[in-house]
Amino acid sequence: MLSVAKAKTFEADQTGNQPLPELSGAEIFVQSLVQQGVETVFGYPGGVVLSVYDTLFKTKNINHFLVRHEQGGTHAADGYARATGKPGVVLATSGPGATNTVTGIATAFMDSIPLVIFTGQVPLNLIGNDAFQEADILGITRPITKHSYLVRDVSELADTISKAFHIAVSGRPGPVLVDIPKDVLLAKAPYNSKRRVKLAGYKPMTKGSYRQIMKAVEMIGESRRPVIYAGGGVMHSNAAAELREFAQKLGAPVTTTLLGLGAYPESDDLSLGMLGMHGTWYANMAVSESDLLIAIGARFDDRVTGRIADFAKNAQKIHIDIDPASISKNVEIDLPIVGDVKHVLSDLIPHVNACDSKSWLAEIKKWKADHPLRYETNGPILKPQQVIQAVSEVTKGQAIVASDVGQHQMWTAQYYQFSEPRSHLSSGGLGTMGYGFPAAMGAAVGRPDRTAVAIVGDGGFQMTAMELATAVHYKIPVKIVILNNGYLGMVRQWQELFFEKRYSHSDLDASNPDFVKMAECYGAIGYRAHNSAELDEALKKMMAEQELPVLVDAIVDREENVYPMVPAGAAIYEMIEEDAK
Amino acid sequence: MKHTISLLVENKSDALQRIAGLFSGRGFNIDTISVGRAEDPSHVRMTIVTHGEDRIIEQITKQLHKLIDVVKVVDLTDMSFVNRELALIKVSAAEDVRAEILQIVEVFRGKIIDISPKTLTVEATGSEDKVDAIISMLRPYGLKEVARTGRVALKREFQGET
């Protein structure tokens, strides 16, 4: 039994003389997870990992969630990680189990999310033999992991797991995959719970250079039109409080990326909301007109910058980032500060003074008044933006909100009033449909104290909807709001604007299931809303439910478009603000 | 512009694939790559010759540095460094031209390391320019096979005055 083995281990540690207990690879695996503080695993069993599942059966220290597809499990672990700040853990079998995690791994990689993915592998002597359920998962995932390991000897297993967790959470976080052959899981080795992680080639810098920080102080002092551009790095480094203090001390407006939403409260006067392709008019104009752009934990993604040559072209640029490779990758930086955002901001704050930005802030205030986010109502028909606003109100802006990819994602980013970090979960880099619902489920598991809402489209939801079974089985009270326009909305919007309304394969209306019945057939609760009265009623009931997942199928205006919009190839100040009349 | 990058890498079975994959995945160029055990057998030293604008080269060195198994990245290009390439050249060598070929090999301080009735195999060492030169001198006689190592390089210990 595992508990006995564990007791022995600790004894051996204390006396130092007793022989170490011999454990199987599967037992070492579970012990190592416990030692890492892992409480939650999302997984799916299969041939080569049965020994691990047998060990899990006997332990009470780890909550394993049996998902319905490994992709959903990986997104759930990702949502868990984003919501809690702890690494998400996935367990899958070899071959198809492993390959099903690939989209989830790529999603986490693009957004720098700490995951540790454990895959079973065929026995060592069969590797390379085209064995049953064999896939070279290390080879397949090499470009989408921060690092990966194949464990060839059971005596290396415990150290490898420690290294994997260390690499996943430190520096610029990311997914790490550990591939463990079946025979390694069955072999025995002495287990020593004492670990030291030694990695000669891996020493992420956390503290920023003092000299660079003092140069930044000087540049900030001279700026009259500063803008702070904050990204997901603020979340990873848990630096939302420092960001607030920094922005308020400077009196500098703050725009965030999609992944930075929640890093700065949107109710604050200095908030500009999101920038970029579907950012606010005033955020994009402020960046374009600024004389100093302070990028914090952001990577100048093409959806943010639009046409590179015209991005903030009058601004000096300071870039604070833990990843030296992010600096001057897309946009030339005048002053890089390599380090952890929290450290660097803490070092900066005591030295900076308020900018002379009064007239700049007045200008921005006028832009906000003249070009707010807006939409037109259409009789009793629900507008998607209105649904997001209603969700924002009913959750008081305090929920953890996960989205898929597309129109609903942009409306969520625009109209949900985020105020807290680790509240907005979305696949920004990879743009993964099917991410939102399982991610919200993972967040609900990790943060049972908060409300978790998935805002999804009718297209994306169907990519991972089978996780309803998981949510019902484990009584995860995740909320699902479908903005149902019966289209792949963003595809349709592009087809309308750039392909003369030829809606090629983007209309789902005739083939969509009845989502309310779908929820019910899984044992979840479903409501449908066609107008605002029905929506309010449905959302009220949704919030009241404490145990089961609730799905609200909001039937929205079919051909609503997301604005503002920066067309592909344009500068971010060249926005389309509304439909052509 | 051509750059010579020297890497010290942990001697892991898939380290080379990580590095080669980084180049192909990000669209960087590899002109030559040479790999062999370093002074400490737990490490390998790789010499990569690549080309691109300064911004790309900067990305290459930074991205290489990010790989967990890469211990050290040095762009030798702006330093004083020694470099060599080894080539084995199998050239057609009938009786009547054999003397000419031997002369060429001597000029380039090459060595004949294999002889058959119709061919000579030449070992040539030096800078790529020199190896290119001897190959182009031998080409008219009929090159059968050529194997080149690509550049190996080390920083010069004495960097001179700066």
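None of the values given here were measured: they were computed from a predicted structure. (Residues numbered from 1 in each chain as written. Chains lettered and ligands numbered in written order. Predicted model: local features only at pLDDT ≥ 70, side-chain atom pairs only at ≥ 80, totals over all residues. Heavy atoms only, no water.)

Q: How do you make sense of the packing of helix H12 (residues 240-250) of chain A against helix H15 (residues 341-348) of chain A when you look at a structure like this?
A: In a packed pair of helices, the relevant descriptors are the angle between the two axes and the axis-to-axis distance. All names here are of chain A. The interhelical angle for the contact between H12 and H15, taken along N-to-C directions, is 35 degrees, at an axis separation of 9 Å. Here H12 and H15 pass one another in a crossing that is left-handed. Contact residues: Glu242, Leu243 and Phe246 in H12; Lys342, Leu345, Ser346 and Leu348 in H15. (Axes fitted to C-alpha atoms, helices over the stretch in contact; angles between N-to-C directions. Helix = DSSP H or I, 4+ residues; strand = E, 2+ residues; numbered from the N terminus. Left-handed = near helix turned anticlockwise from the far one by under 90°. Contact = heavy atoms within 4.5 Å.)

Q: I keep staring at the pairing of strand S5 (residues 115-121) of chain A and nothing clicks. Help me out?
A: Regular strands place their side chains on alternate faces of the sheet. Residue and element names in this part refer to chain A. Where burial is concerned, most of S5 is hidden: seven out of the seven residues are buried. By the alternation rule, side chains of S5 split into Leu115, Ile117, Thr119 and Gln121 and Val116, Phe118 and Gly120, which are all buried. Pairing analysis gives five bridges linking strand S4 (residues 88-92) to S5, with the strands arranged parallel. If you follow Val90 over to S5, its bridge partner there is Ile117. Of the pairings in the sheet, the one linking S5 to strand S7 (residues 175-181) comprises seven bridges and is parallel in character. In the strand pairing of S7, Gln121 is matched with Pro181. (Buried < 20%, exposed > 50% of the residue type's maximum accessible area, 1.4 Å probe, protein only. Pairing = 2+ DSSP bridges.)

Q: Explain the domain arrangement of chain B here, please?
A: Where interface size is given, it is often the accessible area lost as the parts come together that is meant. All names here are of chain B. Partitioning chain B into domains gives domain 1 (2-79) and domain 2 (82-154). The centre of domain 1, based on its C-alpha atoms, is set 28 Å off from the matching centre of domain 2. When the two sides are added together, the surface that domain 1 and domain 2 hide from each other amounts to roughly 580 Å², 57% of it contributed by carbon and sulfur. The largest share of the area that domain 1 buries against domain 2 comes from Thr32, Ser34 and Thr47, three residues that together contribute 48% of it. (Domains from an automatic or database assignment. Buried area = accessible area lost by both parts, 1.4 Å probe.)

Q: Sorry, what's going on with the side chain of Ser94 of chain A here?
A: All names here are of chain A. If you trace the backbone, Ser94 turns up in the loop between S4 and helix H5 (96-99). A polar contact is formed between the side chain of Ser94 and the backbone oxygen of Gln133, at a distance of 2.7 Å. Setting aside residues up to four positions removed in sequence, Ser94 forms contacts with Val48, Gly120, Gln121, Val122 and Gln133. (Polar contact = N/O pair within 3.5 Å; in protein donor to acceptor, adjacent residues only side chain to side chain.)

Q: Just to check I follow, could you spell out the nonpolar core for this structure?
A: A general trend in soluble globular proteins is that nonpolar side chains are found buried together. All names here are of chain A. Among the nonpolar cores identified, the biggest contains 48 residues, and Phe42, Phe437, Phe461, Ile476 and Ile480 are the most heavily contacted of them. Top element by residues in this core is helix H19 (residues 436-446). It accounts for seven residues. Filtering out sequence-adjacent residues up to four positions away, Ile476 remains in contact with Phe65, Met441, Ala444, Val445, Thr470, Ala471, Glu547, Leu548 and Pro549. Counting 39 residues, the second largest nonpolar core, distinct from the first, contains Ile28, Ile62, Val178 and Ile180. (Core = buried A, V, L, I, M, F, W, Y, C linked by side-chain atoms within 4.5 Å.)

Q: Help me understand the layout of surface pockets, please; the structure alone is not making it clear to me.
A: Over the atoms, a rolling probe the size of a water molecule traces out where space has been left empty. By volume, the second largest pocket is sized at about 720 Å³. Lining the second largest pocket are 28 residues, and of these Tyr149, Leu150 and Arg152 of chain A together with Lys12 and Ser13 of chain B sit closest to its centre. Counting only elements with at least two residues in the lining of the second largest pocket, the list comes to helix H7 (137-141), strand S6 (147-150) and helix H8 (157-169) of chain A together with helix H1 (15-25) of chain B. Here the lining of the second largest pocket gets four residues from one element, more than from any other, and that element is S6 of chain A. Looking at the lining of the second largest pocket residue by residue, the class counts come to eight nonpolar, six polar and 14 charged. (1 Å grid on protein atoms, 1.4 Å probe; cavity = no way out; pocket = protein on both sides within 12 Å on 5 of 7 lines; lining within 4 Å. Points joined across faces, edges and corners; volume = space filled by probe spheres on them. Nonpolar A, V, L, I, M, F, W, Y, C, P; charged D, E, K, R; others polar.)

Q: Could you clarify how one ought to interpret the pairing of strand S20 (residues 550-555) of chain A in this entry?
A: Residues and elements named next belong to chain A. Counting buried positions over the six residues of S20 gives five, a clear majority of the element. Bridge count between strand S18 (residues 479-484) and S20: six bridges; the pairing is parallel. Following the sheet pairing, Leu483 is matched in S20 by Ala554. Pairing analysis gives five bridges linking strand S19 (residues 525-529) to S20, with the strands arranged parallel. Of the residues in S20, the one forming a bridge with Ile525 is Val550.

Q: Can you walk me through the packing of helix H4 (residues 70-84) of chain A against H19 of chain A in this structure?
A: Residue and element names in this part refer to chain A. The N-to-C vectors of H4 and H19 enclose an angle of 50 degrees; their axes lie 6 Å apart at closest approach. As far as their axial angle goes, H19 and H4 are oblique. As for the relative orientation of H4 and H19, their crossing is right-handed in sense. Of the residues in H19, those in contact with Gly72, His75, Ala76, Gly79, Tyr80, Ala83 and Thr84 of H4 are Pro438, Ala439, Met441, Gly442, Ala443, Val445 and Gly446. Grouping the amino acids of the contact of H4 with H19 by side-chain chemistry returns eight nonpolar, six polar and no charged. (Parallel < 35°, antiparallel > 145°, perpendicular 65-115°, else oblique.)

Q: Even after reading the chapter, I still don't get the packing of aromatic side chains, so can you show me in this structure?
A: Describing an aromatic ring pair means giving the distance of the ring centres and the angle of the ring planes. What the rule picks out here adds up to 17 aromatic pairs over all chains. Ring geometry for Phe23 of chain B and Phe28 of chain B: centres 5.9 Å apart, planes at 80 degrees, overall edge-to-face. On the accessibility criterion, Phe23 of chain B (1% relative accessible area) is buried. Taking the relative accessible area as the measure of exposure, Phe28 of chain B reaches 11% and is therefore buried. Within the aromatic cluster, the residues linked to one another by ring pairs are Phe42, Phe65, Tyr80 and Tyr474 of chain A. The side chain of Arg492 of chain A reaches across the aromatic face of Tyr487 of chain A, ending 5.5 Å from its centre. The ring centre of Tyr487 of chain A lies 4.0 Å from the NZ or CZ of Arg558 of chain A, which sits over that ring. (Phe/Tyr/Trp six-rings, centres within 6.5 Å; stacked < 30°, edge-to-face > 60°. Lys NZ or Arg CZ within 6 Å of the ring centre and 35° of its normal.)

Q: Explain unusual backbone geometry here, please?
A: Note: most peptide bonds trans; most residues except glycine with negative phi. Residue and element names in this part refer to chain A. A cis amide bond links Tyr563 to the next residue, Pro564, at an omega of -5 degrees. Within the secondary structure, Pro564 sits in the segment after S20. Unusually for a residue other than glycine, Gln133 sits at a positive phi of about 55 degrees. Along the chain, Gln133 turns up in the loop between S5 and H7. For Lys396, which is not glycine, the phi torsion reads 55 degrees and is therefore positive. Counting through the fold element by element, Lys396 comes out in the loop between helix H17 (384-394) and strand S15 (400-403).

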